[in-house]
Amino acid sequence: MGSEKIAVVTGSNKGIGLAIVRGLCKQFNGTVYLTARDEVRGMEAVKCLEQEGLTPKFHQLDTDSESSIKIFRDHILKNHGGIDVLVNNAAMAFKNSATEPFSYQANMTLRVNYFDTLNVCDQLFPLLRKHARVVHMSSYAGHLTRINGKEPEAATLRSKLSSPTLTTNELNDLVKSFLSLAAEGKHEEAGWPNTSYGVSKVAVSALGRIQQREFDEKRPNDDIVLNNVHPGLVDTDMTATLVQ
Ligand SMILES: NC(=O)c1ccc[n+]([C@@H]2O[C@H](COP(=O)([O-])OP(=O)(O)OC[C@H]3O[C@@H](n4cnc5c(N)ncnc54)[C@H](OP(=O)(O)O)[C@@H]3O)[C@@H](O)[C@H]2O)c1
């Protein structure tokens, strides 16, 4: 235990996550974990890759469940001792045609895409080994320019979200204030955009910048690198639902 390299991809039973696992199985010199909240969907994806001659390992991981994250963390700790590559890919988006109230969509989207990603990081970051690489699957929708509600309030938000001294607690408070304003339908006049997916990805990108700063401060000799990534527009179930 300990010398073999370990890669983990969240939400990887389909879409971009599955493609990342496929790519890692081909190029990464170590064990690749395909994880999924649903064991059946996860195992089907593993079988599909096995038919291609690839050999990912599977473990259940529901990023929306504290206990599932902890069980996965304990499994990795016990069996491998650490993580070398972590891809935070799991996320959701409502269809453009969704009829749920904006506030409901905002709460759900920020919870899955932002707060759950933060929970995964809080549990798994202590397992990151020297030279680890972390990817947050952000989006072009996570660009700061997407904070484009009423000015000058939006400019103030952009400046807070991009502040080099922003902390996770302050970021959480900003996200919570967006959710409170969304509940009253006042988010746009406070500077926020009318897209909860966009806000979730802007928040994930801001989180990544904070976390890189913290790696640099707390583990200066460990060469841990985190990137926020926009994968390009990819034809998946998510984009299919976005345009419906
Ligand atoms: N497609 C694009 O053009 C595009 C562009 C920019 C960014 N992105 C980002 O790229 C990532 C992957 O997107 P995609 O297009 O591949 O979407 P997708 O096909 O809908 O896949 C999303 C994956 O996340 C999983 N997931 C959702 N909630 C989860 C949870 N609570 N626990 C564990 N897994 C969960 C889904 O599992 P289930 O099958 O169980 O639902 C699925 O495996 C996302 O972060 C997305 O925001 C995509």
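Relevant structure appears above.
Let us look at the structure shown here. Keep in mind it's a predicted model, so treat the numbers as computed, not measured.

Reading the values: rules and limits
- In this convention, every chain numbers its residues from 1, walking through the sequence in written order.
- With the structure being a predicted model, the display of local features is reserved for residues of pLDDT at least 70 and the display and counting of side-chain atom pairs for 80 or more, all residues being used for whole-chain, interface and lining totals.
- Excluded from the side-chain calculations are hydrogens and water; all other atoms, namely the structure's heavy atoms, are used.
- When DSSP finds two or more bridges between a pair of strands, those strands are recorded as paired.
- Strands are runs of DSSP state E lasting at least two residues, helices are runs of H or I lasting at least four, and both sets are numbered from the N terminus onward.
- For helices, the axis comes from a line fit to the C-alpha atoms of the stretch in contact; other axes are also lines fit to C-alpha atoms, and the angle between any two N-to-C directions lies between 0 and 180 degrees.
- Note on contacts: a residue pair qualifies if any of its non-hydrogen atoms lie within 4.5 Å across the two residues.
- Note on terminology: angles under 35 degrees are roughly parallel, angles over 145 are roughly antiparallel, angles of 65 to 115 are roughly perpendicular, and the others are oblique.
- Should the near helix be turned counterclockwise from the far one by less than a right angle, the crossing is left-handed, whereas a clockwise turn marks it as right-handed.
- We call Asp, Glu, Lys and Arg charged. Ala, Val, Leu, Ile, Met, Phe, Trp, Tyr, Cys and Pro are nonpolar, and the rest, Gly among them, are polar.
- Note on handedness: a clockwise path from strand one over the helix to strand two, with the strands aimed away from the viewer, defines a right-handed crossover.
- Being near a molecule or strand, for a residue, comes down to having at least one heavy atom within 4 Å of it.
- Any N or O atom pair separated by 3.5 Å or less is treated as a polar contact, with the protein-specific requirement of one donor-capable and one acceptor-capable atom, and with residues adjacent in sequence counted only for side-chain atom pairs.
- Using a 1.4 Å probe, accessible areas were evaluated by the Shrake-Rupley method; residue-level cover was limited to the displayed protein chains.
- By convention, a stacked pair of Phe, Tyr or Trp rings (six-membered ring in the case of Trp) has centres within 6.5 Å and planes under 30 degrees apart, an edge-to-face pair has planes over 60 apart, and any other such pair is tilted.

Here's the deal with the sheet that holds strand β4 (residues 83-88)
And step 1. Across the sheet, six strands lie side by side as β3-β2-β1-β4-β5-β6; this open sheet has parallel pairing. The open sheet terminates on both sides in strands that have one partner only, identified here as β3 (57-60) and β6 (225-229). On average, each strand axis in the sheet is tilted by 15° relative to the strand beside it, whichever way the strands run.
And step 2. Along the sheet, helix α3 (residues 66-79) contacts β1 (5-9), β2 (30-36), β3 and β4; its crossing angle with β3, the most-contacted strand, is approximately 145°.

Here's the deal with the packing of helix α4 (residues 102-124) against helix α6 (residues 168-183)
And step 1. It is the contact of α4 with α6, at a shortest axis distance of 8 Å, that shows an interaxial angle of 165°. By the angle class used here, α4 and α6 are roughly antiparallel. Seen along the crossing, α4 lies across α6 with a hand that is left-handed. Residues Phe 102, Ser 103, Ala 106, Asn 107, Leu 110, Tyr 114, Phe 115 and Leu 118 of α4 lie in contact with α6, whose contacting residues are Thr 168, Leu 171, Asn 172, Val 175, Lys 176, Phe 178, Leu 179, Ala 182 and Ala 183.
And step 2. Grouping the constituent residues of the contact of α4 with α6 by class yields 12 nonpolar, four polar and one charged.

What about the pairing of β3?
And step 1. One ladder, built from four bridges, connects β2 with β3; its direction is parallel. In the sheet register, Thr 35 faces β3, and the bridge partner there is His 59.
And step 2. With helix α2 (residues 39-51) bridging β2 and its parallel neighbour β3, the resulting β-α-β unit is right-handed.

Topic: the site of the ligand
And step 1. With respect to spatial proximity, 28 residues lie near the ligand, and among them Ile 16, Arg 37, Tyr 197, Val 234 and Thr 236 are the closest.
And step 2. Interatomic distance of 3.0 Å between a backbone N/O atom of Thr 63 and a nitrogen atom of the ligand.
And step 3. Summarising the interface, the protein chains cover 95% of the accessible area of the ligand, which totals 900 Å² for the free molecule.
And step 4. Where the shell around the ligand is concerned, the elements lending two or more residues are α1 (15-27), α7 (196-218) and α8 (237-243).
And step 5. Sort the elements by how many residues they give to the shell around the ligand and α8 lands first, with three residues.
And step 6. Considered class by class, the residues forming the shell around the ligand number 10 nonpolar, 11 polar and seven charged.

Examining the packing of aromatic side chains
And step 1. What the rule picks out here adds up to six aromatic pairs.
And step 2. Where Phe 102 meets Phe 178, the ring centres are 6.3 Å apart and the plane angle is 90°; that geometry is what we call edge-to-face. Here the residue Phe 102 occupies a position in helix α4, and Phe 178 occupies one in helix α6, the gap between them amounting to 76 residues.
And step 3. A ring pair is formed by Tyr 114 and Phe 115, whose centres lie 4.9 Å apart and whose planes are at 70°; its orientation type is edge-to-face.
And step 4. Aromatic rings pair up to connect Phe 102, Phe 178 and Trp 192 into one cluster.

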